[in-house]
Amino acid sequence: MQKRSIVPIIYILFLMLPIYWLVAMSFKTTNEILSGFSLFPQTFTLENYATIFTDPSWYWGYINSIAYVSINTVISIAVALPAAYAFSRYRFLGDKQLFFWLLTNRMAPAAVFALPFFQLYSAVELFDTHLAVALAHCLFNIPLAVWILEGFMGGIPKELDETAFVDGYSFPRFFATIFIPSIKAGVGVAAFFCFMFSWVELLLAKTLTAVAAKPIAATMTKTASSAGYELGLLAAAGTLTIIPGAIVIWFVRNYIAKGFAMGRV
Amino acid sequence: MKTENQKAWFFVLPVLALVAFNALIPMMTVVNYSVQETFGDNVFFWQGLDWFQQILRSDRFHAALGRQFMFTFLILIIEVPLGIAIALSMPRKGFWVPVCLVLMALPMLIPWNVVGAMWNIFTLPDIGLLGYFLNHTLGINYDMTQDPVAAWVTIVTMDVWHWTSLVVLLSYAGLVSIPDAYYQAAKIDGASNWAVFRFIQLPKMKTVLTIAILLRFMDSFNIYTEPFVLTGGGPGNSTTLLSIDLVKIALGQFDLGPAAAMSLIYFAITLLVSWLFYTLMTKDDLN
């Protein structure tokens, strides 16, 4: 251990404190939480988790969220790959303007665009489907995916493309068997970011769904009932929302560490 | 060097179609609302640019915009240097790298309303870990529902907690892409740590830092869910950021016209500032 590793350790401790608090709370009864401060659960209970895993309106929230996040990630990466290739390899009419325009789509205040989104997706009869949320999240995920992938592709020398074409590879075959594998770290990083931003976004997801595709974050609002907040249940539900993200990031951890190193050289 | 190829447009078409569907149609709806008045029942009256004038002259808008700029300014001056400093002190090789990265990325993976809710409980004076510690152990009178300063400290701390890792991850990516040869050359020349940072590390991080700063600007300028869940804009109006005010007008009072005009002004400001950042940070690349 070097002396300088003290900084990341302090930072990680700072990050973990609220998360610890949330997890600890999820094992407490709501009464214990409200009755006063305690660092550890005094009466350890799994009841909050039991409620979530046995009540369909709770666990379907997780399934819905995972469904639209997965669809969104697949769509975003699939359309961003060719676009990023075009931006990284070719000059064409309006390419720079188009690239910046893509960026601007992250800036629209979602809060007020929520109502037009609702009208739009109702008009095309996609309201309350997983596809609606997945497509809506493309608004901010595709620009980011194009941006990240373009960076990684820029790091691959153009000679690779030329050599492959000289060797007689058709473009689709070159793209699928040589090019994508050589930027797979970039694909991992882009997919991770798409997953992340779609998983955490709530406003659009909530606006575009009612019952059938309701995301978990919206389900959580029902912990606030006339009887007051069910804090234990809220904490357990919150804790469970961290887990899919943690699993995804554990799988892409090597891509993130190595992958970032390859891109942006 | 890039080759000129107009057929590359076909590669961009799917992206264009998807983003345009999501961006242009709602945008047109908002523009439409912004120049009309409605009294319900889908009857609209042409209003011209009245809403824009009304918003631009209102003190409420100026106050919310001021708070928004203040918030974003604080976020950028805290998170960017802090993120770079943490990335610099992270290990470069070995088992600890993925562990650090995974732990640091965790806050970003928590849904935004959960972030707001957990910080809300975390800071409650009598039952929250932070609130209890500050009030009962250190004896500081801290209650963000009463004191505007405490509320500001809380939303800024929450955002630092939530998003500094984004800057760390991106800066770290830039740092590990620097070949060892650069450091060896610097060592032979006897360069100080500062010189290494200034002339090797910082220029190499420039591209990723551009992304980090732009993302942090755009996202903190449009932030809604977390501060809304945390403080609801209070106490009083002290943490009512622009987006919170916008939703209050649009959904709370159902004033679609003013809300639409306001969101277009908001969008224009975001666009202008992002364009300035983007141009300033990429202008060297054009030469």
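Turning to the interface of chain A and chain B, a few remarks are in order. Each side of the interface is counted separately: chain A has 96 residues, and chain B has 96 residues. With both chains or domains summed, chain A and chain B bury close to 8700 Å², and 80% of this area falls on carbon and sulfur atoms. Tallying contributions element by element places helix H1 (residues 6-26) of chain A first for the side of chain A that touches chain B, with 13 residues. Across the side of chain A that touches chain B, the residue classes tally to 78 nonpolar, 10 polar and 8 charged. Note that strand E1 (residues 90-91) of chain A and strand E1 (residues 3-4) of chain B share 2 bridges and pair parallel. When the sheet's bridge partners are listed, Arg91 of chain A is paired in E1 of chain B with Glu4 of chain B.

Taken as a whole, this structure holds 6 cavities of 30 Å³ or more when the rule is applied. Estimated volume of the largest cavity: approximately 410 Å³. In the lining of the largest cavity, the residues fall into 16 nonpolar, 4 polar and 6 charged.

Now for the layout of surface pockets. When its volume is computed, the second largest pocket comes out at roughly 700 Å³. The wall of the second largest pocket is formed by 28 residues, among which Thr221 and Tyr229 of chain A together with Asn113, Phe228 and Val229 of chain B lie closest to the centre. The set of elements that each furnish at least two residues to the lining of the second largest pocket consists of helix H6 (110-123), helix H11 (203-207) and helix H13 (231-251) of chain A together with helix H5 (112-122), helix H10 (225-231) and helix H11 (242-252) of chain B. With 6 residues, the single largest contributor to the lining of the second largest pocket is H5 of chain B. Of the residues that constitute the lining of the second largest pocket, the class distribution is 20 nonpolar, 7 polar and 1 charged.

Let us look at a nonpolar patch on the surface. The grouping of Phe73, Ile77, Ile78 and Leu82 of chain B at the surface amounts to a nonpolar patch, some 340 Å² of accessible area in total. Note on placement: Leu82 of chain B falls in helix H3 (residues 59-88).

Each pair of aromatic rings is reported with the distance of its centres and the angle of its planes. All chains considered together, the criterion is met by 34 aromatic pairs over all chains. Between Phe92 of chain A and Trp9 of chain B, the ring centres sit 6.0 Å apart and the planes meet at 70°, which makes this aromatic pair edge-to-face. You can see Phe92 of chain A sitting in the loop between E1 and helix H5 (95-104) and its partner Trp9 of chain B sitting in helix H1 (residues 9-34), one on each of two chains. Among the aromatic residues, those joined into a ring-pair cluster are Tyr85, Tyr90, Phe165, Phe171, Phe174, Phe175 and Phe179 of chain A together with Phe11 of chain B. Directly above the aromatic system of Phe199 of chain B lies the positively charged group of Arg198 of chain B, at a separation of 5.2 Å from the ring centroid.

Scored by pLDDT, chain A comes out at a mean of 83, with 91% of its residues at no less than 70. Below a pLDDT of 50 lies the segment residues 261-265 of chain A, which in the model reaches 15 contacts outside its immediate sequence neighbourhood of four places, other chains included.

All names here are of chain B. Contact geometry for helix H8 (residues 180-188) and helix H9 (residues 193-221): axes closest at 11 Å, N-to-C directions at 165°. Considering the angle they form, H8 stands roughly antiparallel to H9. Judged by the sense of rotation from one axis to the other, the crossing of H8 with H9 is right-handed. Of the residues in H9, those touching H8 at Tyr182, Tyr183 and Ala186 are Val196, Ile200, Gln201 and Lys204.

Applying the stated criterion across every chain, the model contains 0 disulfides over all chains. Cysteine Cys138 of chain A shares no disulfide, and the gap to the nearest cysteine sulfur, in Cys194 of chain A, comes to 8.2 Å.

Parameters and conventions
- Residues numbered from 1 in each chain as written.
- Chains lettered and ligands numbered in written order.
- Predicted model: local features only at pLDDT ≥ 70, side-chain atom pairs only at ≥ 80, totals over all residues.
- Heavy atoms only, no water.
- Contact = heavy atoms within 4.5 Å.
- Buried area = accessible area lost by both parts, 1.4 Å probe.
- Helix = DSSP H or I, 4+ residues; strand = E, 2+ residues; numbered from the N terminus.
- Nonpolar A, V, L, I, M, F, W, Y, C, P; charged D, E, K, R; others polar.
- Pairing = 2+ DSSP bridges.
- 1 Å grid on protein atoms, 1.4 Å probe; cavity = no way out; pocket = protein on both sides within 12 Å on 5 of 7 lines; lining within 4 Å.
- Points joined across faces, edges and corners; volume = space filled by probe spheres on them.
- Patch = residues over 30% accessible without salt bridge, like charges linked within 9 Å, V, L, I, M, F, W, Y side chains within 5 Å.
- Areas by Shrake-Rupley, 256 points an atom, 1.4 Å probe, with all protein chains shown as cover.
- Salt bridge = Lys/Arg side-chain N within 4 Å of Asp/Glu carboxyl O.
- Phe/Tyr/Trp six-rings, centres within 6.5 Å; stacked < 30°, edge-to-face > 60°.
- Lys NZ or Arg CZ within 6 Å of the ring centre and 35° of its normal.
- pLDDT = per-residue confidence, 0-100.
- Axes fitted to C-alpha atoms, helices over the stretch in contact; angles between N-to-C directions.
- Parallel < 35°, antiparallel > 145°, perpendicular 65-115°, else oblique.
- Left-handed = near helix turned anticlockwise from the far one by under 90°.
- Disulfide = S-S within 2.5 Å.

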